[in-house]
Amino acid sequence: MQRKRIAIIGAGPSGMAALRAFKSAERGGTDVPDVVCYEKQDDWGGQWNFSWRTGTDRYGEPVHSSMYRNLWSNGPKEALEFAEYTFDQHFGRPISSYPPREVLWDYINGRAVESDVKDAVLFAHAVRRVEFDSESERFTVTVDDLRHKATITEVFDEVIVATGHFSFPNVPDFEGIGTFPGEVIHAHEFRGAERFAGQRLLLIGGSYSAEDIGIQSHKMGARQVTMSYRTQPQGFAWPDGVDEVPEVARFDGSVAHFVDGTSREFDAVVLCTGYLHHYPFLPHESRIDSPNNLYPDGLYRGVTWQKNPRLHYLGAQDQWFTFNMFDAQAWFVRDLILGRFALPDADERQAHIDEWKSAYAEVATDEAAVRFQADYIRDLIEQTDYPMFDLDEVVATFLAWKADKKVDILTYRDKAYPSVMTGTMATVHHTAWMDELDDSRERYLSTQLDADEASEP
Ligand code: FAD
Ligand code: NA7
């Protein structure tokens, strides 16, 4: 019998998790399908593959990554650690809890290299179209080979979409913004906060991007950082020079007027208004159409497209958990594809979706949201051979992280947590985050620095 053919679209952390999942089954002696992964960038790592570019890349494709030069992990690394490739295994010694982007890229790259899966990835290959033929029950996938300027089509039995959902900016309109004389960008185009030194900056949005770009800009010397929320303030104890105001009503030249009747003048505006689920290569009936939430509609167990269970999505949820959740999803989808368990019929699947959606509707606090996502992951891992880990302990780490942020938004990254996977206690980084201006892996891992700095008078 012909081997099944599987297409993975995207080689970010989710796509890499899928590659790892199949490799791990193969290493365990299972006869696995042919797996091809298409990645439109020149390297893997998804969001973590930083680009200085904005707009379009060297091939004219939309730049994928929304990450910026100064980005450090916004949650403790102990919450995202892979259960079967630990930080200890990768770095050979303890490191701090909040590494910069390059260090986390190194970690996910290390596991992928160890899995020996690079040959399965076709880089600089942008998927253009995925069509399902209900008679043959197979997908035709049309792909542009960007380096060789060739269009190819291949046929697959199942497709795994792992293209992420923090790349296509949500760009609302605001009255008068078109004549704001300063710079207006979306967080997707933000690459570094140095340019805002001395400026009065308005950040529109009340979530992670506003928070982090806000404190990065404060760190880099912005004169005033104002964050404008729509629903509720973030409520941190902001340092002097940073504060929150309600929604923008309109702009009048360089002045923003807020719905509470106050107004302020600004030099620059960053829209931190989130991202759209956007899957231009799929027909509309196969696309997730959801706000950024923990249980997007239409996915059985959060991964398998209800209307066509040969189509799967990884990482489609809003994310407290990240890398280890993508693993749990990848292992589940792999086992479904391998036939290790039977897919329930459409009614049963729908009942399951409805049950989880009702549970999600009851989630009213951040703590409940973290627990909901932990339960979701537990449910997936229980069905596969992915190593179960202490999800309650990870929840506790998340809650401690949230408490640290409440105490001081500028110092939470200086805290250290024990690994849930190995028990290893993280180190305290040699330099406080607010004082650290070099985000490189080399500087981060430097231990000589400790000795040099310790010997300073
Ligand atoms: P992505 O990382 O987005 O990868 C998707 C991949 O698909 C990309 O490589 C892309 O090039 C490829 N692709 C897209 N379209 C196509 C196509 N048509 N054809 C071929 N390839 C395609 N998470 C954390 O755990 N900690 C953090 O500190 C953190 N900070 C973040 C900061 C920012 C600014 C953002 C935007 C996200 C952050 N995240 C963080 C969450 C991040 O999204 C996840 O960590 C992770 O990158 C998601 O992995 P993914 O593989 O699902 O998607
Ligand atoms: P999020 O977490 O999806 O948040 C988007 C924010 O944008 C949220 O506070 C929204 O307000 C706000 N928003 C959306 N539309 C508007 C309009 N029209 N006016 C005002 N405010 C608006 O996106 P982030 O970019 O912060 O974070 C995404 C990921 O990047 C995250 O996982 C991090 O790891 C990094 P709301 O609260 O809905 O009223």
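Structure shown above.
Scoring rules and cut-offs
Residues numbered from 1 in each chain as written. Chains lettered and ligands numbered in written order. Predicted model: local features only at pLDDT ≥ 70, side-chain atom pairs only at ≥ 80, totals over all residues. Heavy atoms only, no water. Helix = DSSP H or I, 4+ residues; strand = E, 2+ residues; numbered from the N terminus. Buried < 20%, exposed > 50% of the residue type's maximum accessible area, 1.4 Å probe, protein only. Near = heavy atom within 4 Å. Polar contact = N/O pair within 3.5 Å; in protein donor to acceptor, adjacent residues only side chain to side chain. Areas by Shrake-Rupley, 256 points an atom, 1.4 Å probe, with all protein chains shown as cover. Nonpolar A, V, L, I, M, F, W, Y, C, P; charged D, E, K, R; others polar. Axes fitted to C-alpha atoms, helices over the stretch in contact; angles between N-to-C directions. Parallel < 35°, antiparallel > 145°, perpendicular 65-115°, else oblique. Left-handed = near helix turned anticlockwise from the far one by under 90°. Contact = heavy atoms within 4.5 Å. Expected span 1.5 Å × (residues − 1). Pairing = 2+ DSSP bridges. Core = buried A, V, L, I, M, F, W, Y, C linked by side-chain atoms within 4.5 Å.

**Q** How would you sum up the environment of glycine 92? Please name residues and give values.
**A** One can find glycine 92 in the loop between α2 (87-91) and α3 (101-115). Residue class for glycine 92 comes out exposed when judged on its relative accessible area of 66%. Separated by 244 residues in sequence, glycine 92 and leucine 336 place their C-alpha atoms 35 Å apart.

**Q** Can you explain the site of ligand 2? Please cite residues and give values.
**A** Near ligand 2 there are 17 residues, and of these Gly206, Ser207, Ser209, Arg230 and Thr231 occur at the shortest range. Residue serine 207 places a side-chain N or O atom 2.7 Å away from an oxygen atom belonging to ligand 2. Contact between ligand 2 and cysteine 272: an oxygen atom at 3.2 Å from a main-chain N or O atom of the residue. Starting from 800 Å² of accessible surface for ligand 2 in isolation, the protein chains cover 77%. Partitioning the shell around ligand 2 into residue classes produces seven nonpolar, nine polar and one charged.

**Q** Hey, could you go over unusual backbone geometry for me, with residue numbers and the actual values?
**A** Positioned with a positive phi, aspartate 116 is a non-glycine residue whose angle comes to about 55°. Tracing the sequence through the fold places aspartate 116 in the loop between α3 and β3 (121-122). You will see that alanine 124, though not glycine, has its phi angle at about 55°, which is positive. Topologically, alanine 124 is positioned in the loop between β3 and β4 (125-133). Exposure remark for alanine 124: the relative accessible area of 0% places this residue in the buried category.

**Q** Explain the packing of helix α6 (residues 346-361) against helix α7 (residues 366-381) residue by residue, including any values.
**A** Put simply, α6 and α7 touch, their axes get as near as 11 Å, and they point 155° apart. Here α6 lies roughly antiparallel to α7, going by the angle between them. Note that α6 runs across α7; the crossing there is right-handed. Packed against α6, whose contacting residues are His352, Trp356, Ala359 and Tyr360, the element α7 presents Phe372, Asp375, Tyr376 and Asp379 at the interface.

**Q** Give a detailed account of the site of ligand 1, specifying residues and quantitative values.
**A** Around ligand 1 there are 31 residues in total, and Ser14, Glu39, His64, Asn74 and Thr322 lie nearest to it. For ligand 1, an oxygen atom lies 3.2 Å from a polar atom in the backbone of proline 13. Within the backbone of lysine 40, one N or O atom sits 3.1 Å away from a nitrogen atom of ligand 1. When the free accessible area of ligand 1 is taken as 990 Å², the share hidden by the protein chains comes to 92%. Listing elements by their share of the shell around ligand 1, those giving two or more residues are α1 (13-27), β4 and α5 (323-338). Ranked by the residues each element gives to the shell around ligand 1, the list is headed by β4, at three residues. In the shell around ligand 1, the residues fall into 14 nonpolar, 15 polar and two charged.

**Q** For the side chain of threonine 384, give the residues involved together with the corresponding values.
**A** Mapped onto the elements of the fold, threonine 384 is located in the loop between α7 and α8 (391-407). At 3.1 Å, the side chain of threonine 384 forms a polar contact with the backbone nitrogen of tyrosine 386. If sequence neighbours within four positions are ignored, threonine 384 has contacts with Trp331, Phe332 and Asp335.

**Q** I'd like a description of α1, backed by residues and values.
**A** A rise of 1.5 Å per residue sets the reference length of α1, with its 15 residues, at 21 Å; its end C-alpha atoms lie 20 Å apart and thus fit the reference within 8%. Buried residues dominate α1, accounting for twelve of its 15 residues. For α1, the set of buried residues is Pro13, Ser14, Gly15, Met16, Ala17, Ala18, Leu19, Arg20, Ala21, Phe22, Lys23 and Ala25. In this fold, the buried residues of α1 make contact with β1 (5-9), β2 (34-38), α3, β3, β7 (158-161) and α5.

**Q** How would you explain the pairing of strand β6 (residues 150-156) if you had to name every residue and give the values?
**A** Note: strand β5 (residues 138-145) against β6, seven bridges, orientation antiparallel. Bridged to valine 143 within β6 is isoleucine 152. Here β5 folds back onto β6 in antiparallel fashion, the turn holding four residues, of which lysine 149 has a positive phi close to 50°.

**Q** I'd like a description of the nonpolar core, backed by residues and values.
**A** Core analysis: the largest hydrophobic core is formed by 104 residues, its most contacted members being Trp44, Ile160, Leu203, Val270 and Phe321. The leading source of residues in this core is α5, at ten residues. Excluding residues that lie within four positions of it along the chain, tryptophan 44 makes contacts with Ala11, Met16, Asn49, Trp105, Asn109, Ala112, Val113, Val117, Lys118, Val121 and Phe123. Counting residues in hydrophobic clusters, the runner-up holds 21 residues, among them Ile9, Phe156, Val159 and Ala316.

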